[in-house]
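Coordinate inspection notes
Residue strings, one per chain:
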Amino acid sequence: MNDIINKDLHCHTQLHVSFAVIVLTLLTALVGVSCSIQRAAEVKYHKVAAMFVHNMATQFIEPQFKSLEHVLNETGSVIDESGLDAFLNEGNTPLGLSLMQTLALTPYVKSILLADPQGRFNAIPHLPVEEHFDAKERPWFLAAAVRTLFVHYTDHYPSKFDDKSRSVSVSRPLINKEGVFLGTLAMNVDLEQMSYRLRQLMSPLKGEFYLVDRAGDILLHSDVGNLFRHRVDRRLIEQMTNGADHLFDAKRQTHLYYYSFSNPDWFVIYAVSDARF
């Protein structure tokens, strides 16, 4: 009788061990498959997010700046010494009318600025300035002509004409046919107008899309109330050395997909929280 009971117990033990081995094997396999699927999904969405920020930077944002630079260069190429001098003295001149037409046809420009090397200044539309206003102190002013393929983008700076606003300008030197430096042509960029188009974006993952400068301050954002606010830590900006890549912000638990421009030295960023990802 005891032998029969021992055999039954031994048989049950073997069945339990076999069942446990099968269950553990299945669990191990399921965990492995689950991790593999999760990893494959992560790789997929990293690629999707990286492609999204690359396409938005090159096909959506960069063309706007290239168009602005083209208008700036085309406008500067037709300004001569006599036209500039007349405009700086009185403003109501053929050059002034031409600049008004340019302004009307360029939606991302708030104003067009002109100054000579001595600091004489005029703008379209006309901007009232103080008696001792010196254009040479403004960030967009170029003290001399430097041969370069690039136009000059300023950092954001306080507006001289509105204490509550900040500006970003793009400028280029004016040079006549003899190579003489005549002055500076600049345009104040309407970053709010540019930002409104970002509201139409359909991103692959729910996240935040914006443009920042080298200091990490926002220059373009779908919510214009965020313009010029600090958003990205300088230590992360310093790591953005490649043309396009992915970083993880451990402090905010956020994935940052970025694309860097050469001129201006700005970064397009697509931020997705790790919880959302």
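Residues numbered from 1 in each chain as written. Predicted model: local features only at pLDDT ≥ 70, side-chain atom pairs only at ≥ 80, totals over all residues. Heavy atoms only, no water.

Moving on: the sheet that holds strand 7 (residues 181-189). In space, the 5 strands of this open sheet follow the order 2-1-7-6-3, with antiparallel pairing throughout. With partners counted over all chains shown, the strands left at the sheet margins are strand 2 (121-124) and strand 3 (152-153), one partner each. In the sheet, strand 3 pairs with strand 6 (residues 169-175) via 2 bridges, with the strands oriented antiparallel. Looking across to strand 6, one finds that Tyr153 is bridged to Val170. The sheet strands contacting helix 2 (residues 81-89) are strand 1 (109-115), strand 2, strand 6 and strand 7, and the helix crosses strand 2 at an angle near 90°. In this fold helix 3 (residues 94-104) packs onto strand 1, strand 2 and strand 7, with an angle of close to 155° to the strand it touches most, strand 1. (Pairing = 2+ DSSP bridges. Helix = DSSP H or I, 4+ residues; strand = E, 2+ residues; numbered from the N terminus. Contact = heavy atoms within 4.5 Å. Axes fitted to C-alpha atoms, helices over the stretch in contact; angles between N-to-C directions.)

Next up on the list: the pattern of salt bridges. According to the stated counting rule, one finds 6 salt bridges in the structure shown. Notably, a salt bridge pairs Arg235 with Asp233, separated by 3.2 Å at the nearest N-O pair. For Arg235, a relative accessible area of 58% gives the class exposed. What you see here is one network of salt bridges that share partners, running through Asp85, Asp116 and Arg120. (Salt bridge = Lys/Arg side-chain N within 4 Å of Asp/Glu carboxyl O. Buried < 20%, exposed > 50% of the residue type's maximum accessible area, 1.4 Å probe, protein only.)

This part takes up helix 2. Residues of helix 2 that are buried: Gly83, Leu84, Phe87 and Leu88. Viewed end-on, helix 2 has its buried residues packed into an arc of 125°, placing them on one side of the element. Every exposed residue of helix 2 that faces more than 90 degrees away from the buried side is listed here: Glu81, Ser82 and Asn89. Structurally, helix 2 contributes buried residues whose contacts are with helix 3, strand 1, strand 2, strand 6 and strand 7. (Arc of directions from axis to C-beta.)

With that out of the way, let us pick up helix 3. Residues Leu95, Gly96, Leu99, Thr102 and Leu103 constitute the buried set of helix 3. Down the axis, helix 3 shows its buried residues gathered within 115° of arc, on one side only. What points out from helix 3, more than 90 degrees from its buried face, is the exposed set Pro94, Leu97, Gln101 and Ala104.

Right, let's get into the packing of helix 2 against helix 3. Here helix 2 crosses helix 3 at 85°, and the two axes come no closer than 8 Å. With respect to helix 3, the axis of helix 2 lies roughly perpendicular. Residues Gly83, Leu84 and Phe87 of helix 2 form the contact with helix 3, whose own contacting residues are Leu95, Gly96 and Leu99. Broken down by class, the residue content of the contact of helix 2 with helix 3 amounts to 4 nonpolar, 2 polar and no charged. (Parallel < 35°, antiparallel > 145°, perpendicular 65-115°, else oblique. Nonpolar A, V, L, I, M, F, W, Y, C, P; charged D, E, K, R; others polar.)

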